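Geometric and topological summary
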Amino acid sequence: MNRIVTLDEFIIHRQKDFPYASGELTGLLRDIGVAAKIVNREVNKAGLVNILGVEGNAENASGDTVQKLDIYANEKLIDCLKNSGECCGIASEENEDIIQIPAVESKNAKYVVAFDPLDGSSNIDVNVSVGTIFGIYRRISDPEGPCTVDDFLQKGVKLVAAGYVIYGTSTILVYTTGRGVNGFTLDPSIGEFCLSHRDIKIPDRGNYYSVNQGYYLKFDVEMRRYIDYCSDLNLRLRYIGSMVSDIHRSLLQGGIFLYPNTRKYPKGKLRLIYECNPLAFVVEQAGGKAITCQLERILDLEPKELHERSTIVIGSPVMVDEMKNFIERYSVPAYSTQE
Ligand code: P6P
């Protein structure tokens, strides 16, 4: 039987990968693990306590209806990160503006964290997997002052660490610090995340494609032709409506996830800073690719606003390349009004 390696042990052991690391990032990753355990506890009993359902008429910064568990998860993540002393600011899908965290005695917080506390939360009431997505940046603002929004408007290539927690049949935390991707499954009997998916590598291609087929007629022609191609190849459509779940399946079994532009979301629905970038970092570190429907690498995008959206095509490298070929071959150039 393999020796149990806990998340804490792994993070501390891997600290050696960073010769100049002084433990702050290690502390931050461990705090996110603690927050994940707390959120997991509530997600797993959401049906038993009055924490299901919609929070009044609440809407978040992106105009999405806020579920009670969204708010709970948001509050717990903020509390854990506040206590760490390693994080000087937070950007959350649930908060319009950034949250500046006062310095903790004798700590010089170097990092900011952007997260979606509970992605796919509309699935909570029907017991479908949901997830937390997080990305960690080194602050670029004056270390003597509070963090600023510019600390979060960095390109995805500047991410120091990123990952997600999927609350499903088991609770798994997957993260990268730029040296590969590892997954840890929560063992409730000991309350520890234990190494279960060492050095994850995404298959070059897979048998699944993941897109909301219901929007088929609203997609651009190149998207429709690619979806038809997947169907011709007898690929299986799997779309859970929870990005973390669809990406996690693609990461382990191969596949491609697409959220193109539609009339309702002309720039795409998914948020760049705390959904697309962290997941793109993880998938690229596992050998996959992540681009926009305009063929830009997700991690190279220059964010302009905290809650800006992006189109995304992400997953197995061969499948993303095939999708890229469809976009190049079939996309109709935007109609020019220039004579
Ligand atoms: P649609 C959940 O609301 C989410 O942000 C992602 O997790 C998911 O992939 C997507 O939106 C689902 O959106 O428009 O297909 O219901």
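Before any of the text, the structure's been laid out above.
A brief look at the structure comes next. (Residues numbered from 1 in each chain as written. Predicted model: local features only at pLDDT ≥ 70, side-chain atom pairs only at ≥ 80, totals over all residues. Heavy atoms only, no water.)

A look at the pairing of strand β5 (residues 111-119)
Two faces, one strand: in a regular strand the side chains alternate between the faces of the sheet. Within β5, nine of the nine residues are buried, leaving the element largely enclosed by the surrounding structure. One ladder, built from five bridges, connects strand β3 (residues 87-92) with β5; its direction is parallel. Bridge pairing links Ile90 to Val113 in β5. Examined bridge by bridge, β5 and strand β6 (residues 130-138) share seven bridges and lie antiparallel to one another. Residue pairing across strands places Ala114 opposite Gly135, the latter belonging to β6. (Buried < 20%, exposed > 50% of the residue type's maximum accessible area, 1.4 Å probe, protein only. Helix = DSSP H or I, 4+ residues; strand = E, 2+ residues; numbered from the N terminus. Pairing = 2+ DSSP bridges.)

Observations concerning the site of the ligand
Neighbouring the ligand are 14 residues, the closest being Asp119, Tyr215, Tyr239, Met243 and Tyr259. Interatomic distance of 2.9 Å between a side-chain N/O atom of Asn212 and an oxygen atom of the ligand. Between the ligand and the protein, one listed contact pairs an oxygen atom with a side-chain N or O atom of Lys269 at 3.0 Å. Elements with a contribution of two residues or more to the shell around the ligand: β13 (256-259) and β14 (270-271). For the shell around the ligand, the residue count by class is six nonpolar, four polar and four charged. (Near = heavy atom within 4 Å. Polar contact = N/O pair within 3.5 Å; in protein donor to acceptor, adjacent residues only side chain to side chain. Nonpolar A, V, L, I, M, F, W, Y, C, P; charged D, E, K, R; others polar.)

Notes on the packing of aromatic side chains
Enumeration over the complete set of coordinates arrives at 11 aromatic pairs. Ring geometry for Phe10 against Phe184: centres 5.1 Å apart, planes inclined by 70 degrees, an arrangement best described as edge-to-face. Here Phe184 lies in strand β9 (residues 181-187) and Phe10 lies in helix α1 (residues 7-14), a separation of 174 residues in the sequence. The same class applies to Phe10 and to Phe184, which are both buried. Ring geometry for Tyr229 versus Phe326: centroids 5.0 Å apart, planes at 40 degrees, classification tilted. Placement of Tyr229 in helix α4 (residues 221-232) and of Phe326 in helix α7 (residues 317-330) is noted, with a sequence separation of 97 residues between them. Taking the relative accessible area as the measure of exposure, Tyr229 reaches 24% and is therefore partly exposed. An aromatic cluster is present here, built from Tyr215, Phe219, Tyr259 and Tyr265 joined pairwise through their rings. (Phe/Tyr/Trp six-rings, centres within 6.5 Å; stacked < 30°, edge-to-face > 60°.)

Some words on the sheet that holds β13
The strands making up a sheet associate through hydrogen bonds between their backbones, and the pairing can be parallel or antiparallel. Strand order in this open sheet of five strands is β12-β11-β13-β17-β15, and the pairing throughout is mixed. The strands lining the two open edges of the sheet, one partner per strand, are β12 (236-237) and β15 (289-291). As defined by bridge partners, β15 adjoins strand β17 (residues 312-315) across three bridges and the pair is classed as antiparallel. Considered in β17, the bridge of Lys289 is made with Gly315.

What to know about the environment of Phe152
Take Phe152: it is sitting in the loop between β6 and β7 (159-167). Placed 152 residues apart in sequence, Phe152 and Lys304 show a C-alpha to C-alpha distance of 9.7 Å. The contact partners of Phe152, leaving out residues within four places of it in the chain, are Gly89, Ile90, Ala91, Ile98, Val112, Val113, Ala114, Tyr137, Cys147, Ile273 and Leu306. (Contact = heavy atoms within 4.5 Å.)

So yeah, pure geometry; function would need other evidence.
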